Amino acid sequence: MSEDVNGTVSSNEVNPLNKAQMNLENVEFTSEDIFNVPSPHMTLENMLTLKNRINQAFDSENFDGVVITHGTDTLEETAFFLDITLPHGNPVVITGAMRSSNEVGSDGLYNLLTSIRIAASDKSRNRGVLVVMNDEIHSARYVTKTHTTNVATFQTPTHGPLGWISKGRVIYFHALSDAKHIDIDQVKGTVPIIKAFAGMTGETLALWDSDKLDGIVIEALGAGNLPPTAVGYLEKFIAKGIPVVLASRCFNGIAEPIYAYEGGGKQLYDAGVMFVSEVNSQKARIKLIVGLNAKVKNLRAFIED
């Protein structure tokens, strides 16, 4: 991206980072343009193409690591998709920039250089997909964009970053628990995200044609609760075999079936709603689509893992 004299930002035909000179000892790298799209244009099909290209790079081309440059709006979704569809092993790092390539203080080249150093480090092996911005190393599983413009936008609520890089030294201070990784060859499915709000009625859910849905993600209140009038409509979806996954709309913490009042998490869980573990709604949607396309035998166990 580049900024014009009016402050408008648009895409370049050629990635300006390709022209950058980076001298890294003991690192040989190859640059390849797969897409040239703003991140709101990214699709699950694009993510699948990336996954397949990375597998090819590791399986038959003897690459030791991969760095992906990506727009920040949907970066966390691409990172999470790759994290649950690629096996752990060689490092895969995703990075981006919050300032345009021709803007004063542009962070793109620095983040790219940092990401290459992290991907080249043996310490980065077997850690899943990593998101690297602003000298911090985050897990793709939990990281999220928290600010519209700040260079420190990518944060990991509850857990914090896995580590950081300091003057070229890669430092990890958290281990990451293992998670299931499922290879898929398609990403079919219509799964909307529906955000809960005070006074939400069942009519909001009734607007969706159940015959055209493969699943629903509910971004619920608090620890995982809904206004009571919405519950009956979710039960109708579940009765039709449509999986319903719940995440919290809160920035921190996890969704749990705790409250037993009408519309509370316990009632929802007992009705068959699946509570996704420690990820936000956009990642819960990706996890559900991956699970559906993989035809996992126990979808609830996969979602709640």
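Details of the structure are given in the entry above.
A quick note: this is a predicted structure, and the numbers were derived from the prediction, not measured. (Residues numbered from 1 in each chain as written. Predicted model: local features only at pLDDT ≥ 70, side-chain atom pairs only at ≥ 80, totals over all residues. Heavy atoms only, no water.)

Colleague: So, the layout of surface pockets: which residues are in play, and what are the values?
Modeller: The gaps left among the atoms become clear once a water-sized probe is rolled over them. In this structure, the second largest pocket spans a volume of roughly 380 Å³. Taken together, 23 residues line the second largest pocket, and the ones lying closest to its centre are S248, C250, F251, V279 and N280. Those elements that provide at least two residues to the lining of the second largest pocket are β13 (244-248) and α7 (281-294). Per-element accounting of the lining of the second largest pocket gives the leading share, three residues, to α7. Counted by class, the lining of the second largest pocket contains nine nonpolar, nine polar and five charged residues. (1 Å grid on protein atoms, 1.4 Å probe; cavity = no way out; pocket = protein on both sides within 12 Å on 5 of 7 lines; lining within 4 Å. Points joined across faces, edges and corners; volume = space filled by probe spheres on them. Helix = DSSP H or I, 4+ residues; strand = E, 2+ residues; numbered from the N terminus. Nonpolar A, V, L, I, M, F, W, Y, C, P; charged D, E, K, R; others polar.)

Colleague: Please give an account of the packing of aromatic side chains that cites residues and values.
Modeller: The full count for this structure, using the stated rule, is three aromatic pairs. Taken together, a centroid distance of 5.0 Å and an interplanar angle of 65° make the contact between W164 and F173 edge-to-face. For R127, the ring lying beneath its charged end belongs to Y172, and the centroid distance is 3.7 Å. Lying over the aromatic face of Y269, R300 brings its terminal NZ or CZ to 3.8 Å of the ring centre. (Phe/Tyr/Trp six-rings, centres within 6.5 Å; stacked < 30°, edge-to-face > 60°. Lys NZ or Arg CZ within 6 Å of the ring centre and 35° of its normal.)

Colleague: Give a detailed account of the sheet that holds strand β11 (residues 193-195), specifying residues and quantitative values.
Modeller: Note on sheets: strands pair through backbone hydrogen bonds, and any given pair is parallel or antiparallel. Here we have four strands laid out as an open sheet, ordered β11-β12-β13-β14, and parallel in their pairing. Strand pairing shows two members of the sheet lacking a second neighbour, β11 and β14 (274-275), which therefore form its edges. Alignment of β13 against β14, held across two bridges, turns out to be parallel. Directly across from V245, in β14, lies its bridge partner M274. (Pairing = 2+ DSSP bridges.)

Colleague: Please set out the pattern of salt bridges residue by residue, giving values where relevant.
Modeller: Oppositely charged side chains may form a pair once their charged atoms are brought near each other. Following the criterion strictly, the structure yields seven salt bridges and no others. One salt bridge in this structure joins D183 and K51, with 2.5 Å as the shortest N-O distance. Taken together, the positions of D183 in the loop between β10 (169-172) and β11 and K51 in helix α1 (residues 44-60) put the pair 132 residues apart, joining distant regions of the chain. When the shortest N-O distance is used, the salt bridge between R300 and E304 registers 3.1 Å. One end of the pair is R300 and the other is E304, both in helix α8 (residues 299-304) and four residues apart, which spans about a single turn. Linked by salt bridges that have partners in common, E32, R53 and E61 make up one network. (Salt bridge = Lys/Arg side-chain N within 4 Å of Asp/Glu carboxyl O.)

Colleague: Quick rundown of empty space enclosed by the protein? Include the residues and the values.
Modeller: This model, assessed by the stated rule, comprises one cavity of 30 Å³ or more. Approximately 60 Å³ is the volume found for the largest cavity. Lining of the largest cavity is provided by D83, L86, P87, H88, G89, N90, V92, G128 and V129. A per-class count over the lining of the largest cavity returns four nonpolar, four polar and one charged.

Colleague: Quick rundown of a nonpolar patch on the surface? Include the residues and the values.
Modeller: A cluster of nonpolar side chains, I258, Y259 and Y261, forms an exposed patch at the surface whose accessible area comes to about 310 Å². Turning to its location among the elements, Y261 is positioned in the loop between β13 and α6 (265-270). Residue classification places Y261 among the partly exposed positions, given a relative accessible area of 43%. (Patch = residues over 30% accessible without salt bridge, like charges linked within 9 Å, V, L, I, M, F, W, Y side chains within 5 Å. Areas by Shrake-Rupley, 256 points an atom, 1.4 Å probe, with all protein chains shown as cover. Buried < 20%, exposed > 50% of the residue type's maximum accessible area, 1.4 Å probe, protein only.)

Colleague: Give me the pairing of strand β3 (residues 66-69): which residues, what numbers.
Modeller: For a regular strand, the rule is simple: side chains alternate between the two faces of the sheet. Side chains V66 and I68 of β3 all project onto a buried face; the interleaved residues V67 and T69 project onto a face where none is buried. Sheet topology note: the β3/strand β4 (residues 92-95) ladder contains four bridges and is parallel. Bridge pairing links I68 to I94 in β4.

Colleague: Tell me about the environment of T95, residues and numbers included.
Modeller: Residue placement: T95 occurs in strand β4. Look at T95 and you get buried, because its relative accessible area is 1%. On a C-alpha basis, the gap between T95 and T85 in space is 19 Å, while along the polypeptide they are 10 residues apart. If we skip the residues at most four places from it in the chain, T95 touches V67, I68, T69, H70, L75, N111, L112, S115, V132 and M133. (Contact = heavy atoms within 4.5 Å.)

Colleague: Which residues make up the sheet that holds strand β5 (residues 129-133), and what values go with them?
Modeller: A sheet is described by the order of its strands in space; here six strands give the open sequence β3-β4-β5-β6-β9-β10, paired in mixed fashion. Unpaired on one side and paired on the other, β3 and β10 mark the two borders of the sheet. The average undirected angle you get between the axes of adjacent strands in this sheet is 25°. (Axes fitted to C-alpha atoms, helices over the stretch in contact; angles between N-to-C directions.)

Colleague: Mind laying out the packing of helix α2 (residues 75-85) against α7, listing which residues take part and the relevant values?
Modeller: Across the interface, α2 lies against α7 with an axial gap of 10 Å and an inter-helix angle of 35°. α7 is crossed by α2, and the crossing has right-handed handedness. Contacts from E76, E77, F80, F81, I84 and T85 of α2 reach α7 at Q282, K283, I286, K287 and V290. Taken together, the residues of the contact of α2 with α7 break down into five nonpolar, two polar and four charged. (Left-handed = near helix turned anticlockwise from the far one by under 90°.)

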